[in-house]
Amino acid sequence: MLSDDDIVALARTEIERALGYDADTLATVREGALDYYHGKMKEAPEGRSNIVSFDVADTVHSLLSQLQEQFATASVVFEPKSEEDEQQAELASTMCRYQRDRTTGQRVLAEAAHEGLLSGNAWIRVDVEEETEVVNEDYPQLDDMQLYQVSQPNAPDQTVTITETDDGYRVRRETIIRSLVIEAKPADVMLYSTEEGMGNLKDLRLVSERKLLRDSELKALGLSDDQIGAIPRMDDDYWPSVRARSGVYQDYTDHESAQEANTLRECYDSYIKLDMQENGTTELWNVLHGGSVVISKEPVSCVPYATGSPVPLPHRVAGQGMYQLMGQVQEAKTEILRNYVDNLNVMNSSRIACDEATTNIEDLTNGRINGIIRTRGMPANSIMQMPAADVGGVALQGLASLDAVRSQRGGAAVELSEADRQIMASSATAATGVM
């Protein structure tokens, strides 16, 4: 039988080998997607324009706006396998619709779609959450029949405890309340093993979620102060994709808490296949662990995550998002835009050669539009404008060409549809459309 130390060692080894850990290729792709989405790109040399084209964000937002309507109207329908199964299929369909509406399923789907379009994979966790509701009831003296009646559970999964008091009896009812929890997860906290040809989560030997738990939460789970202290504090230094999610604020984030109880600890909620009995047979276990501490462990029947990609790759969990399709377009358009803006600045305030002996330098450099420049001789002999090529037309052609590439790769989602173009072109609606 594997000990807790063995389990932690195996889990840590699998996590460090998993895709998405530290700054591996997948984490770097996720970081790049988030940086481009936020417009965080390579800085231009000093004195040059730093304008950025937001093609990744524009494509994601445009596609997402088209999907929103689908989320609002789509419904899960289970097909019956036989006539005897029709009632059960209808019940399952109704239950899914109810749970979607009750648990803000539309918002969860929108968040997951947003994540998938951006990072390449959407992640959703579906789990059952248990809470214990405790109700105390006080009764005066009861006869045997009344005592029997109040001792009976009045709800499923209820435990009843009766204690005698000075005034009569106290009935304590503990009811386990289960609720379905559906959550969209950020891709940068999801790790999974790298088996070749494995495209389903259930086939992987590891699927893990990086979780940050507070000291108070760990204490509520039954851990001692020594065990909590053995779990590493939150450290995003080796999680570039996690930092990139903060966008332009990633260098200004302070995770230190004013109170020790709110200190964040780095834990992993892992679904891992283990040969627990060391007899050559593996089983799926859910192990929540941090550092060298096993917080909880139990055998489970399935991995409670679902993942999908806007551009799936055959036999692979990882897919492609708009960053992989639009990243080069954004880079090229950003370069052209920067050159275009720099050229406009050159054309508006081009460099001038002057005869220092016959030109008032203060007049020449004060930047006043159409200001007078005093000279001691003819201006043609004192001042000469340096020639500069106007690249505006070529730049606009390049941008238009890259927009066409963006439309082809993104399914023309960023552009107006043909019907919209016709409406906008009509004189009756053009002014309204512009407004």
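Structure first, text after, so check above.
Just so you know, these numbers come straight off a predicted model, no measurement behind them.

Here the structure, examined in full by the defined rule, presents 4 aromatic pairs. Seen from their ring centres, tyrosine 21 and tryptophan 239 are 5.6 Å apart, and the 85° between their planes marks the pair as edge-to-face. Placement of the pair is tyrosine 21 in the loop between α1 (4–17) and α2 (25–37) and tryptophan 239 in the loop between α8 (225–229) and α9 (240–244), with a sequence separation of 218 residues. Each member of the pair, tyrosine 21 as well as tryptophan 239, is classed as buried. Look at tyrosine 36 and tyrosine 323: their rings are 5.3 Å apart centre to centre, the planes differ by 80°, and that puts the pair in the edge-to-face class. Of this pair, tyrosine 36 sits in helix α2 while tyrosine 323 sits in helix α10 (residues 322–348); the two residues are 287 residues apart in sequence, bridging distant segments of the chain. Judged by its relative accessible area of 13%, tyrosine 36 is buried. Its relative accessible area of 19% is what places tyrosine 323 among the buried residues.

Glancing now at helix α5 (residues 105–119). For α5, which comprises 15 residues, the first-to-last C-alpha distance of 21 Å matches the rise-based estimate of 21 Å (1.5 Å per residue) to within 8%. Within α5 the residues assigned to the buried category are Gly105, Val108, Ala110, Ala112, Ala113, Glu115, Gly116, Leu117, Leu118 and Ser119. Of the residues one or two after α5, glycine 120 is the one with positive phi, at around 105°.

This next bit is on helix α13 (residues 392–409). Taking 1.5 Å of rise per residue, the 18 residues of α13 would be expected to cover 26 Å, and the 26 Å separating its terminal C-alpha atoms lies within 8% of that figure. Regarding α13, the residues found buried are Gly392, Ala395, Gly398, Leu399, Leu402, Arg406 and Ser407.

Turning our attention to the nonpolar core. Soluble globular proteins: nonpolar side chains tend toward being buried together. Membership of the largest hydrophobic core comes to 21 residues, with the highest contact counts inside it found for Val56, Val60, Leu118 and Met322. For this core, the elements supplying multiple residues, two or more each, are α2, α3 (55–73), α5 and α10. Of the residues forming this core, the biggest block, 6 residues, is contributed by α3. Apart from the residues within four sequence positions on either side, valine 56 is in contact with Tyr36, Tyr37, Leu118, Met322, Tyr323, Met326, Gly327 and Gln330. Ranked by size, the runner-up nonpolar core spans 18 residues in total, among them Leu2, Ile7, Tyr21 and Val287.

Another point: the sheet that holds strand β4 (residues 190–192). Here 5 strands make up an open sheet; going across it, the order is β4-β5-β6-β7-β8 and the pairing antiparallel. Here the strands that pair on one side only, and so sit at the sheet edges, are β4 and β8 (293–299). Pairwise comparison of adjacent strand axes, ignoring direction, gives a mean angle of 20° for this sheet. In this sheet, strand β6 (residues 264–274) lies alongside strand β5 (residues 206–214) in antiparallel orientation, the contact comprising 9 bridges.

If you check the backbone angles, glutamate 278 has positive phi at about 55° while not being a glycine. Take glutamate 278: it is sitting in the loop between β6 and β7 (283–290). The phi angle at histidine 315 is positive, at roughly 60°, despite the residue not being glycine. With respect to the helices and strands, the residue histidine 315 is situated in the loop between β9 (305–308) and α10. Overall, histidine 315 belongs to the exposed group, its relative accessible area being 58%.

So, on to the pairing of β7. A large share of β7 lies buried, amounting to 7 of its 8 residues. Across 6 bridges, β7 lies against β8 in antiparallel orientation. Counterpart to glycine 290 in the pairing with β8 is valine 293. Count of turn residues in the β7/β8 antiparallel hairpin: 2 residues, of which glycine 291 carries a positive phi of about 60°.

The next thing to look at is the sheet that holds β9. Spatial ordering of the open sheet is given by β2-β3-β1-β9, a layout of 4 strands whose pairing is antiparallel. Because the sheet does not close on itself, it has two edges, and the strands there are β2 (158–164) and β9. Averaged over all adjacent pairs, the angle separating strand axes in this sheet is 20°, with direction ignored. Sheet topology note: the strand β1 (residues 122–139)/β9 ladder contains 4 bridges and is antiparallel. By the bridge assignment for β9, arginine 125 is matched with tyrosine 305. Sitting on the sheet, α5 touches β1 and β3 (169–185), and the angle it makes with β3 is about 35°.

Attention now goes to the packing of α10 against α13. When two helices pack together, their arrangement is captured by the angle between the axes and the distance separating the axes. Interaxial distance between α10 and α13 falls to 10 Å at its minimum, and their mutual angle equals 165°. The pairing of α10 with α13 is recorded here as roughly antiparallel in orientation. Of the two possible hands of crossing, α10 and α13 adopt the one that is left-handed. Contacts between α10 and α13 pair Leu325, Met326, Gln328, Val329, Ala332, Lys333, Ile336, Leu337, Tyr340 and Asn343 from the former with Gly392, Ala395, Leu396, Gly398, Leu399, Leu402, Asp403, Val405, Arg406 and Arg409 from the latter.

Rules used throughout
Residues numbered from 1 in each chain as written. Predicted model: local features only at pLDDT ≥ 70, side-chain atom pairs only at ≥ 80, totals over all residues. Heavy atoms only, no water. Phe/Tyr/Trp six-rings, centres within 6.5 Å; stacked < 30°, edge-to-face > 60°. Helix = DSSP H or I, 4+ residues; strand = E, 2+ residues; numbered from the N terminus. Buried < 20%, exposed > 50% of the residue type's maximum accessible area, 1.4 Å probe, protein only. Expected span 1.5 Å × (residues − 1). Core = buried A, V, L, I, M, F, W, Y, C linked by side-chain atoms within 4.5 Å. Contact = heavy atoms within 4.5 Å. Pairing = 2+ DSSP bridges. Axes fitted to C-alpha atoms, helices over the stretch in contact; angles between N-to-C directions. Parallel < 35°, antiparallel > 145°, perpendicular 65-115°, else oblique. Left-handed = near helix turned anticlockwise from the far one by under 90°.

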